[in-house]
Each structure stands twice: as C-alpha cells, then as structure tokens.
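Architecture and fold: a report
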Amino acid sequence: MLRISAVSKAYPNGVRALQGIDLSIDRGLFGLLGPNGAGKSTLMRILATLQAPDAGQVTFDGLDVLARPQAHRRHLGYLPQDFGVYPGVSAVDLLDHLGLLKGLTNARERREQVDALLSLTNLHAHRKKAVSGFSGGMRQRFGIAQALLGNPKLLIVDEPTSGLDPEERQRFHNLLGEVGENVVVLLSTHIVEDVRQLCPRMAILSEGRVLCEGAPEALVASL
Ligand code: ADP
Ligand code: ADP
C-alpha cells in the first residue's frame with residue numbers, strides 16, 4: 001500500500017505544482033489522470049525519490065519513503081516520460097547492463113530475468129537489435145522491461161502512451177494489465193481511455209490538487 005499524505009511542492013519560480021496531495025493506493029493499477037501542468041510528473045518524481053517535497057509524507061508498505069530513499073529504491077521501478085537509451089546498444093545487452101547496475105550480480109540469474117522480461121514485453125525476437133532504432137511502442141515496452149528489473153513491488157509509469165498509435169497503445173495496455181496483477185502500478189496519463197481500460201481506481205489531478213478519486217466509470221462520466 002502506497003500512502004501519500006499532504007504532499008506539497010512549489011518550484012523556485014513560484015509555481016505551486018502540488019498543493020496538499022492525499023492518496024492511498026493499493027495493489028493493481030491506479031490511474032492518475034490530468035492535463036499537462038497538473039503536477040503528475042512532479043508527484044511521480046517525488047514518489048521515485050528523485051525530488052523532495054516541501055511538505056508531506058509518503059509511505060510504502062509501512063516504509064517512510066522520504067526518510068529512507070535508498071531502501072525504497074530497492075523495490076521501485078520507475079519509467080520516466082522520456083528515458084534515454086544508449087545509441088546502438090542491443091535490447092539484451094542494455095537490460096543486462098541495467099540489471100547489473102540494479103545489483104543483480106549473479107550472471108545466470110540476471111540472464112534468466114532479462115530473458116523473462118524480453119518475453120513478457122514481446123521483444124524477444126528483437127533482443128539483438130538496437131533499442132535506439134525501436135519504434136515508439138517497442139521502446140515503451142522496453143521501458144517496462146527495464147523498470148521491472150529486480151522485481152519491484154511498486155511500478156511508477158509517467159505518461160507511457162503519449163505518441164503511441166492505437167494498435168501500439170492496445171498492446172501496451174495488455175502488457176500493463178498483466179504486470180498489474182502482481183505489482184502496485186501507478187500510471188499517469190492525460191488520455192481518458194488509458195484509465196478507463198486499465199485502472200479499477202483512479203484520481204483526477206488538476207492544478208496540483210486531487211479533484212476526485214474513485215472508479216473510472218463514475219469519475220469519467222462526471223467530466
Ligand atoms: P504534468 O506532469 O501533469 O504535466 P508537472 O509536474 O510537469 O505536471 O508540472 C506541474 C507544474 O509545475 C507546471 O506548471 C510546470 O510548468 C511546473 N514545473 C514542473 N517542473 C518545474 C521545474 N523544474 N521548475 C519550475 N516549474 C516546474
Ligand atoms: P511534463 O508535462 O511531462 O512534466 P514538461 O514539459 O512539463 O513535461 O516538463 C519537462 C521538463 O521540464 C521536466 O523536467 C520539468 O521539471 C521541466 N519543467 C517544466 N516546466 C518548467 C518550468 N516552468 N521551468 C523550468 N522547468 C520546467
């Protein structure tokens with residue numbers, strides 16, 4: 001269970017990106033829907049411990065995330081909106097390298113995990129190709145594989161379907177649905193269809209505040 005209490009963040013330019021966010025998020029997929037500028041990325045960077053809030057508390061399965069960021073990162077997978085890949089490096093080599101960085105030091109176990117993630121994300125046939133040459137949809141699926149290295153218990157995915165065509169989006173939805181059976185997934189998006197298809201629960205974020213929270217059928221109808 002991820003608990004976010006009274007989290008606020010203002011930037012030095014005076015923008016109040018988050019103004020007292022309270023959310024409790026359980027196993028499965030939780031959607032954070034909001035327009036550009038609502039504060040989604042700021043909240044996700046805070047939950048990924050890449051940025052500190054000005055005030056508030058975050059706990060995950062009882063762990064104080066802000067006080068113990070190192071411990072939190074051990075069970076965290078984070079897929080930022082724009083993630084870089086090394087030009088020319090193949091999917092399998094890049095995953096192997098990132099797995100090593102994540103502390104998967106046993107080579108055989110790492111290879112097994114990389115193999116399983118390539119299969120899960122339907123990229124096994126492309127494993128020897130450079131990720132920098134992947135299509136948008138393939139790249140996002142690779143991003144999920146990368147974020148799942150080390151078997152995180154919490155997966156944070158920031159606007160993963162922006163720019164995907166309908167077929168790629170559907171394929172990505174199927175993947176997230178599968179992943180969400182085992183992990184807490186927090187998905188941010190400005191696309192209503194993403195949350196409607198995927199998330200049993202969601203919140204709508206606007207100007208740094210939670211407008212409402214609940215099941216998509218109820219909330220989306222009220223938009
Ligand atoms: P979203 O992900 O929903 O688009 P963001 O968290 O990126 O929202 O942004 C929330 C608000 O904070 C926006 O007004 C944005 O311009 C502002 N903002 C985001 N990052 C910074 C930053 N590093 N410095 C100043 N303002 C920022
Ligand atoms: P998103 O909507 O996904 O947050 P943005 O275009 O708002 O994307 O932000 C892209 C990057 O620029 C982020 O790292 C964000 O922190 C930064 N940023 C956004 N708004 C501002 C701003 N007003 N001043 C400085 N940096 C900003």
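Use the structure listed above.
Predicted model, so just to flag it, every value in this text is computed and none were measured. (Residues numbered from 1 in each chain as written. Chains lettered and ligands numbered in written order. Predicted model: local features only at pLDDT ≥ 70, side-chain atom pairs only at ≥ 80, totals over all residues. Heavy atoms only, no water.)

1. Quick look at the overall build of the chain
A count of helices and strands for the chain gives 8 helices and 10 strands. A compact globule built from 223 residues should have a C-alpha radius of gyration of about 17 Å, and the chain, at 17 Å, falls within 12% of that. The principal-axis extents of the C-alpha atoms in the chain amount to approximately 45 × 40 × 35 Å. Pairs at least 24 apart in sequence give 66% of the contacts found in the chain among residues at least 6 apart. Only carbon and sulfur atoms are counted for the fraction: they give 49% of the accessible area of the chain, which is about 10600 Å². Side chains of the chain carry 24 positive and 23 negative charges; the gap between the two charge centres is 5 Å. (Helix = DSSP H or I, 4+ residues; strand = E, 2+ residues; numbered from the N terminus. Rg over C-alpha atoms; globule rule 2.2 N^0.38 Å. Contact = heavy atoms within 4.5 Å. Areas by Shrake-Rupley, 256 points an atom, 1.4 Å probe, with all protein chains shown as cover. Lys, Arg positive; Asp, Glu negative; His and termini not counted. Charge placed at Lys NZ, Arg CZ, Asp CG, Glu CD.)

2. Considering the sheet that holds strand E5 (residues 63-64)
Remark on secondary structure: sheet strands pair via backbone hydrogen bonds, oriented parallel or antiparallel. Spatially, the 4 strands line up as an open sheet ordered E2-E1-E4-E5, and their pairing is antiparallel. The sheet terminates laterally at strand E2 (16-25) and E5, the two strands that pair on one side only. Relative to strand E4 (residues 55-60), strand E1 (residues 2-10) runs antiparallel, the two sharing 5 bridges. By the bridge assignment, isoleucine 4 is partnered in E4 with valine 58. Packing against the sheet, helix H1 (residues 40-47) makes contact with E1, E2 and E4, and its axis sits at approximately 120 degrees to E1. (Pairing = 2+ DSSP bridges. Axes fitted to C-alpha atoms, helices over the stretch in contact; angles between N-to-C directions.)

3. Describing the packing of aromatic side chains
The tally for this structure, following the rule as stated, stands at 1 aromatic pair. Their ring planes at 80 degrees and their centres at 6.5 Å tell us that phenylalanine 134 and phenylalanine 142 sit as a pair that is edge-to-face. Look at phenylalanine 134 and you get buried, because its relative accessible area is 8%. Judged by its relative accessible area of 0%, phenylalanine 142 falls in the buried class. (Phe/Tyr/Trp six-rings, centres within 6.5 Å; stacked < 30°, edge-to-face > 60°. Buried < 20%, exposed > 50% of the residue type's maximum accessible area, 1.4 Å probe, protein only.)

4. A short note on the sheet that holds strand E6 (residues 76-79)
The strand order E6-E7-E8-E3-E9-E10 describes an open sheet built from 6 strands, whose pairing is mixed. Only two strands of the sheet have a single partner each, and these edge strands are E6 and strand E10 (209-214). Averaged over all pairs of adjacent strands, the angle between their axes in this sheet comes to 15 degrees, without regard to strand direction. Sheet topology note: the strand E3 (residues 28-33)/strand E9 (residues 201-206) ladder contains 4 bridges and is parallel. Each bridged residue has a counterpart across the sheet, and for leucine 33 the counterpart in E9 is isoleucine 204. Relative to E6, helix H5 (residues 136-148) is tilted by about 160 degrees, and along the sheet it contacts E6 and strand E7 (154-158).

5. Looking at the side chain of histidine 173
For histidine 173, the location among the structural elements is in helix H6 (residues 166-179). With residues up to four places along the chain from it excluded, the contact list for histidine 173 reads Thr161, Glu193, Asp194, Gln197 and Leu198.

6. Here we look at the pairing of E3
Counting buried residues in E3 gives 6 out of 6 residues, a clear majority hidden from the surface. Summarising the sheet, E3 and strand E8 (residues 184-189) pair through 6 bridges and their orientation is parallel. Bridge pairing in E8 places glycine 31 opposite leucine 187.

7. Regarding the site of ligand 2
Around ligand 2, the neighbouring residues are Asn13, Asn36, Ser41, Arg45 and Gln81. Between ligand 2 and serine 41, the relevant distance is 3.1 Å, taken from an oxygen atom to a side-chain nitrogen or oxygen of the residue. For ligand 2, an oxygen atom lies 3.2 Å from a polar atom in the side chain of arginine 45. The protein chains hide 32% of the 550 Å² of surface that ligand 2 would expose on its own. Tallied by class, the residues present in the shell around ligand 2 amount to no nonpolar, 4 polar and 1 charged. (Near = heavy atom within 4 Å. Polar contact = N/O pair within 3.5 Å; in protein donor to acceptor, adjacent residues only side chain to side chain. Nonpolar A, V, L, I, M, F, W, Y, C, P; charged D, E, K, R; others polar.)

8. Some thoughts on the nonpolar core
One finds Phe142, Ile144, Leu155 and Val179 to be the most contacted residues of the largest nonpolar core, which totals 40 residues. Looking at this core, the element that brings in the most residues is H5, giving 6 residues. Excluding residues within four positions of it along the chain, isoleucine 144 makes contact with Leu79, Leu155, Val157, Phe172, Leu175, Leu176 and Val179. Membership of the second largest hydrophobic core comes to 26 residues, among which are Leu43, Leu47, Ala48 and Val58. (Core = buried A, V, L, I, M, F, W, Y, C linked by side-chain atoms within 4.5 Å.)

Everything listed is a geometric property; what it means functionally is a separate question.
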